[in-house]
Every structure is written in structure tokens, then in C-alpha cells.
Amino acid sequence: MSNMIEVKDLVLVYSNGTKAVDTVSFNVKKGEFFGFLGPNGAGKSTTIKVLTTLLKKTSGSAQIAGYDLDKDSNEIRKLIGVQTQETAIDGDLTGRENLMLQGHFQQLSGSQLKDRVDELFKLVDLEKFSDKNVRNYSGGMKKRLDLATALVHKPQLLFLYEPTTGLDPQSRSAIWNYLEKLNKEDKTTIFLTTQYMEEADKLCNALAIIDTGKIVAAGTPRELKEQVGLDSIKLDLKDCDKDKASAIKVLKELGGVSNISETGGCLTAFAKNASLIIADIVRSFDSLGIVLSGVSFSPPSLDDVYLQKTGKRIRTEALVKTPNLMRFGRRRR
Amino acid sequence: MLKHQILCVLVGGDGDLMTLLSDTRHIFVRYLKKLIRNPILLTFSLIQPILFLVLFTQLFERFVSVPGFPAESYLLFAAPGILLQNAFGSALQSGNSIVADLDTGFLQKMLVTPVSRYAILLGRLLSDAFRVVVQSIIILVLAFVMGASPVTGIVGVLLMLFTIAFFGLAWSGISLAIGLKTKSSETVFAIGSFLTFPLIFMSTSLTPL
Ligand SMILES: Nc1ncnc2c1ncn2[C@@H]1O[C@H](COP(=O)(O)OP(=O)(O)O)[C@@H](O)[C@H]1O
Ligand SMILES: [Mg+2]
């Protein structure tokens, strides 16, 4: 049995008639780091609630580690760890009390639990605050403690709901390192939802994208990027408002540009082979007096995959500076 | 809706008696800690019965001279009613606690663990009963200081505390049910006061029939 999660034709209809999950099928292999992506309202939370035994599915079948979701829900609860959307820790209790309580819920006790709790505080770097009331924790500290509570019983399968949203870059990369270690060394299967494509790209070795209750794409990050297949060329114009129209016209006349979209810097053009076409673009712009303040291109990213599959752009703030493959010198007046 | 589905999960868990007992204990302790660490809430829920005790005994002392009044002093007459009212009032906050746990996601966090589903409710109910008994003891001590001595002796007092604990249990059960059903603490509060106040004034707890 190599699958940790097997979902077949899963349907969940809320009592008001909303079909939040519509005939969804996917598998997550044991040991996989699985990314579950999709825009708001796509059905991610609902799917997770079903898989974590919080909601009864309407139809279809689902198994976790071979256990049936309906019949063996208590067995499933022993082997999953869940970090929910809400950072659900009790502000009236100390960090340690929260962790101990969660351990008790998992039927742990005695020195085994105490040692595990100490270990977890070290891990999430909250040793100094373990006996402080959680009410006085910062947002990032709460998030880290919440992650620790999901890990207290060393779950085989870990559900993570946007684990790094709202964290500063340092905490974020610390969590990334830890999750990678958890996945590689402890062989924990991880089911991750995230708003950050870069996070999914860095961590996950399998992905599924869900939109309006249906899976619209699935595969490894590389497979998905190859499906999209286009490089994106980011063109920052010095005077975007003035030159945009003529720039678009030039790009359209140029053979090889298959798509243009208006984005943050100004324009993004998509082409099969950016390195061949970029010189032409720069030359044509020059001859028309369109001043570029920057040009960069990148192979297809998960962002592009996501955009193409869902028609929506996910939050695109840069998490960690990634070096561009090629960067032309900025032209300045 | 969702709350219905959550309820299904609530009663659907299994687990043996030992886990039920230990889970109940941990949830019971959690609520007690929360209570102790919110002294303002605790103080205010004691202020009302104490005010009643002091105020009404002054106001209504002359009831005693009405022929056929069933007790020697008004204090002696009213104390048990005030105790019950305190039990009602305090236990009614139970529903709010479950709504708060739903809102913060803490309930969901409990429900994804193998914790006994019954323990979640039982731990809360027992913590309410415990709280009501402790508050009653405080009120009784105050009444004693003010001059009331229970005619039934210590056994009577214990019996009374026992009864009050059960009232607390029942009332907090009702409140929990309302909380789970409506998922709104305003509703719990509104229905709670709606039930408590007329009951008190219609009953013979503060004025004899
Ligand atoms: N309790 C609920 N009752 C009815 N509809 C709901 C409920 N929760 C979510 N939905 C609807 O189900 C769909 C999927 O929601 P959700 O699973 O929360 O999406 P996501 O987590 O991907 O943002 C949305 O259309 C949402 O409005
Ligand atoms: Mg969601």
C-alpha cells in the first residue's frame, strides 16, 4: 500500500446546496510532499475538513493509510496532525499547557509527553516563552506554537493550512527547513495548502490545483510547468502609460510572442523561447523610442501554471529573492 | 448545516472508559484554568447574587411579619433561591464557551484528535457544576456571616450543594445545546436571560406565594 491518501469521486454538498467539492479524485503517495492549491472559494478548506474527519462526505470514497474515512475515523485521527486555518490555541493557557493538552488529546502522557513537548519548543524556537500565557505571544509565535501542537504525536500525515502566511522571512525559511526535514528524515507525508506558489515550488514534489470544486491540474511542479511551456518576459517601461499601447502593437507584430498580459511592472510577454526573441524586442523598442527601465525573463513558473489553469493570479509578492536567469542592464536616461 | 454535521461528529466517536475519564479530566482542568485566569468574569457573576442577598434582605425583611411567612427571617427564606439563581446564571455561560471554541477553531482542533467526543461535553458540564458549587459555598458563608444558620445542619447544606450541582449540570447542558445549535453567543445570552428572569420572579424563591 503506497498511497497515504486515496480520494475517488469525492463530493461534498453543504446543506444550503453549495457543491463545494465536485467529484474530486486524487492520490497522495506515502512520503510525498503534496501541494493543494487553488483560489479562494475553490474548495480547499472543505476538502481538508472532509479528510480530517470534521465533515461527512456526501458521496465518493476516501481512504487514509488504508482506513476508510467514515468507518475508521478514530484510527485516522490517531495518525494525522492538523494545522487548521484558524490559529486555534487557547490564549488563557501557557504555551506548554497548550502543547500538553494537545498531547493528552492524543492519549500521550507522562515523561514521554514531557520530553516531546520540550523537544518541540526547541524546534519552533519558543523555549524562552514556553511558560508564558499564549495571549502575550506575537502572531508569528502563535503560528509556530500551532504547528507544534499538530506535531505532538509525530503524525504520519500532516495537514498544513497556509503554515507560513503572515510570518516574517526568517521564520518562514526556518519552517521550510523544518518541514523539509520532517518530510525527508521522518518520512512524514505532508498535505500543504499555500497561497505562495514559490513555497509550493520549493517544497512540494506533487501538486493538485483545484478550482470551483474540481481538480484542474495535477502532477509534479516540473510536469505542470512543461504543460504551460512558455517563458515569460517581463518588460518594465519607463513611461508605461505613454508607451504601453505602441509596445503592445510592436510585440504583436513580432513573430513568436504568443501572449501579452498587463502586469505589475507594466507588460509581460509569453514566448516559447525567450532568449531568442528578447534582442528583437529591445531593438524594436529602441527604434521607436520606447524606453525600457528593465527586462527580465524566466522559464514557466508555477504562477504561470496557476494563472493559466484558474484564470486568476495568486498573490505574487516575492518571498525570497530568486536570481533571474538573465537580467539585462537597466537603461537609464 | 455545518453545525449539524459537527454534532454528528461529536456523538460519533468511540474510545473506552479510561480515555473518556482522562479526557474529561483534562478538559475539566482546562476550563477551570480559563475561569481562574479570568477573575473579572468570576467576580461579576458573584456580584449579582451577593447584591440580591444584601439588598433584598434589607428591602423585604418586613415580609416576615406577614402572617404565615414560611421562615424566621427573610434572609433564611431567600438564601436558597438566590443560590439557585446563581447556579442558573453561571451555568448559562456554558453555551458561550462552546461558541467561543467554535469561533476560535479550538473545538475543531479537538475534534481532529481521537479525544473522546463525550468528554468534550462532560468536561465542560462538570466544570460548570464545580464552579456553581464553589460560588454557592461563598454565598452560603456570606449568608452565615449575615446571621442565617441552616436549620437542617451540615447534612442539609451538603444536600443543598448536591442539588445545586445538578441544577448547574442541567442548566449548563441546556445552554450548551443552544450554543451548539445556534452558534451565536448573543442567542445563548438572550435565551438564557429570557429563561432565568421570569422563572425567578414567578417562582417563590424571592417572595412567598
Ligand atoms: N459552511 C458552509 N456552508 C455553505 N457553503 C460553504 C460553507 N463553507 C464553505 N462554503 C462554500 O463552499 C465553497 C468552497 O469553500 P472553501 O472550501 O472554504 O474554499 P477555499 O478553502 O478553497 O477558499 C465556497 O463557495 C464557499 O462559499
Ligand atoms: Mg479556505
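Residues numbered from 1 in each chain as written. Chains lettered and ligands numbered in written order. Predicted model: local features only at pLDDT ≥ 70, side-chain atom pairs only at ≥ 80, totals over all residues. Heavy atoms only, no water.

Caption draft 1: The arrangement of the overall build of chain A in detail. A tally of regular secondary structure across chain A gives eleven helices and 15 strands. Projected onto the principal axes, the alpha-carbon positions of chain A cover approximately 75 × 45 × 40 Å. Carbon and sulfur atoms make up 47% of the accessible area of chain A, which totals about 15200 Å². (Helix = DSSP H or I, 4+ residues; strand = E, 2+ residues; numbered from the N terminus. Areas by Shrake-Rupley, 256 points an atom, 1.4 Å probe, with all protein chains shown as cover.)

Caption draft 2: Spatial organisation of the site of ligand 1. All names here are of chain A. Around ligand 1, 13 residues are found, and the nearest of them are Gly41, Gly43, Lys44, Ser45 and Thr46. For ligand 1, an oxygen atom lies 3.1 Å from a polar atom in the backbone of Ala42. Protein chains bury 69% of the 560 Å² of accessible surface belonging to ligand 1 in isolation. The leading source of residues in the shell around ligand 1 is helix 1 (residues 44-51), at three residues. In terms of residue class, the shell around ligand 1 is made up of five nonpolar, seven polar and one charged. (Near = heavy atom within 4 Å. Polar contact = N/O pair within 3.5 Å; in protein donor to acceptor, adjacent residues only side chain to side chain. Nonpolar A, V, L, I, M, F, W, Y, C, P; charged D, E, K, R; others polar.)

Caption draft 3: Representation of the interface of chain A and chain B within the structure. Facing 31 residues of chain A, the contacting portion of chain B comprises 28 residues. Across the interface of chain A and chain B, roughly 2900 Å² is buried in total on both sides, 57% from carbon and sulfur atoms. It is Leu54, Arg77 and Phe105 of chain A in chain A that bury the most area against chain B; as a group they hold 22% of the surface buried on that side. Between the two partners, chain A and chain B, sit six salt bridges. (Contact = heavy atoms within 4.5 Å. Buried area = accessible area lost by both parts, 1.4 Å probe. Salt bridge = Lys/Arg side-chain N within 4 Å of Asp/Glu carboxyl O.)

Caption draft 4: Region of the structure containing the domain arrangement of chain A. Looking at chain A, the domain boundaries give domain 1 (3-220) and domain 2 (230-299). Summarising the inter-unit geometry, the C-alpha centres of domain 1 of chain A and domain 2 of chain A are found 41 Å apart. (Domains from an automatic or database assignment.)

Caption draft 5: Broad picture of unusual backbone geometry. All names here are of chain A. One non-glycine residue, Gln107, lies in positive phi territory at about 65°. Of note, Gln107 is situated in the loop between helix 3 (95-105) and helix 4 (110-123). Here Gln107 falls in the partly exposed class, since its relative accessible area comes to 32%. Even without being a glycine, Asp125 presents a positive backbone phi close to 60°. With respect to the secondary-structure elements, Asp125 resides in the loop between helix 4 and helix 5 (139-151). Judged by its relative accessible area of 54%, Asp125 falls in the exposed class. (Buried < 20%, exposed > 50% of the residue type's maximum accessible area, 1.4 Å probe, protein only.)

Caption draft 6: The arrangement of the nonpolar core in detail. Residue and element names in this part refer to chain A. By size, the foremost hydrophobic cluster in this structure holds 49 residues, and its most contacted members are Ile5, Phe26, Leu51, Ile64, Phe159 and Phe191. If we skip the residues at most four places from it in the chain, Phe26 touches Ile5, Glu6, Val7, Phe34, Phe36, Thr47, Leu51, Phe191 and Ile215. Leu145, Leu147, Val152 and Val228 belong to the second-largest nonpolar core, a separate cluster that totals 43 residues. (Core = buried A, V, L, I, M, F, W, Y, C linked by side-chain atoms within 4.5 Å.)

Caption draft 7: Structural detail: the pairing of strand 3 (residues 33-37) of chain A. Residue and element names in this part refer to chain A. Most of strand 3 sits out of view: five of its five residues are buried. Of the pairings in the sheet, the one linking strand 3 to strand 8 (residues 189-193) comprises three bridges and is parallel in character. Residue pairing for strand 8: Phe34 is matched across the bridge by Phe191. (Pairing = 2+ DSSP bridges.)

Caption draft 8: Structural context of the pattern of salt bridges. For the structure shown, the criterion picks out 25 salt bridges over all chains. Its salt-bridge partner being Lys34 of chain B, residue Asp90 of chain A comes within 2.8 Å of it at the nearest N-O pair. Taken together, the residues span two chains, with Asp90 of chain A in the loop between strand 6 (80-83) and helix 3 and Lys34 of chain B in helix 2 (residues 17-36). Lys34 of chain B is paired through a salt bridge with Asp92 of chain A; the nearest N and O atoms lie 3.0 Å apart. Residue Lys34 of chain B is located in helix 2, and its partner Asp92 of chain A is located in the loop between strand 6 and helix 3; the two belong to separate chains. When sorted by exposure, Lys34 of chain B lands in the same class as Asp92 of chain A, which is buried. Counted as one network, the salt bridges with shared partners bring together Asp90, Asp92 and Arg135 of chain A together with Arg30, Lys34 and Asp101 of chain B.

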